[in-house]
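Fold and contact review
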Amino acid sequence: SYDREAARATLEGLAAKPQMPVSLIGAFQDEVRAFAAERLGDLAFVEWEEATDDAARKAALDQLKSYRARLREMVGERGGEAALARMDAKIAFAMRDWAEASAKIDQVLATQPVMPPEFYMIAAQVLINRGELGTALTRIDRGLESFPNSIPMLVVRGEILARLGRTADARRTVESI
């Protein structure tokens with residue numbers, strides 16, 4: 001457990017630091033500011049996931065979009081496409097635009113061999129929502145290669161296997177937890 005508001009305040013402080021002159025320290029600061037902006041987007045996405053009513057979901061989604069715009073300004077022309085694509089995937093997920101979310105996830109996975117565990121979960125859920133259970137299983141298995149002890153991923157793997165009619169495999173996966 002963590003103090004979400006304290007985390008937000010710390011990240012806001014990092015993201016709001018004034019731009020330093022071009023230098024090695026300035027480049028490092030750029031990375032820290034962009035990292036903070038992306039983590040703020042992660043907080044907004046968690047708040048969207050936890051929201052219990054439409055107004056709260058809309059507020060969290062608007063905040064996520066705002067952090068995405070800030071990240072775009074921070075990275076400018078120097079790259080940051082993977083971070084932007086991760087945020088775009090979460091925005092599309094929140095908007096239930098499965099095709100766009102899937103395209104952004106594919107873009108990220110093509111350029112980054114390992115993603116955080118929650119991103120594999122989002123990727124699998126998008127594919128499940130699109131009815132692509134076999135591909136969802138492949139995605140969650142890819143995540144489990146990097147995070148073999150991820151209980152949430154193992155649970156999702158078991159659910160996918162069950163939906164595919166592979167009940168014995170599903171049972172073995174769930175029993176491995």
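From a predicted model like this one, the values you see are computed outputs, not experimental measurements.

Comments concerning empty space enclosed by the protein
Under the definition given, this model contains one cavity of 30 Å³ or more. Reported here for the largest cavity is a volume of approximately 40 Å³. Around the largest cavity, the lining residues are Glu38, Arg39, Asp42, Arg86, Lys90, Pro116, Glu118 and Phe119. Elements represented by at least two residues in the lining of the largest cavity include exactly helix H2 (24-50), helix H4 (81-94) and helix H6 (117-129).

Things to note about the pattern of salt bridges
Taken as a whole, this structure holds 13 salt bridges when the rule is applied. Here Arg86 and Glu38 are joined by a salt bridge, their closest N and O atoms 2.5 Å apart. Residue Arg86 is found in helix H4, and its partner Glu38 is found in helix H2; the two are separated by 48 residues along the sequence. For the pair Arg86 and Glu38, one class covers both residues: buried. Residue Asp169 pairs with Arg172 through a salt bridge whose shortest N-O separation is 2.2 Å. Linking Asp169 with Arg172, this pair stays in helix H9 (residues 167-175), spanning three residues, or about one helical turn. Several salt bridges converge on common partners, so that one network encompasses Glu38, Arg39, Asp42, Arg86 and Lys90.

About the cut-offs
Residues numbered from 1 in each chain as written. Predicted model: local features only at pLDDT ≥ 70, side-chain atom pairs only at ≥ 80, totals over all residues. Heavy atoms only, no water. 1 Å grid on protein atoms, 1.4 Å probe; cavity = no way out; pocket = protein on both sides within 12 Å on 5 of 7 lines; lining within 4 Å. Points joined across faces, edges and corners; volume = space filled by probe spheres on them. Helix = DSSP H or I, 4+ residues; strand = E, 2+ residues; numbered from the N terminus. Salt bridge = Lys/Arg side-chain N within 4 Å of Asp/Glu carboxyl O. Buried < 20%, exposed > 50% of the residue type's maximum accessible area, 1.4 Å probe, protein only.

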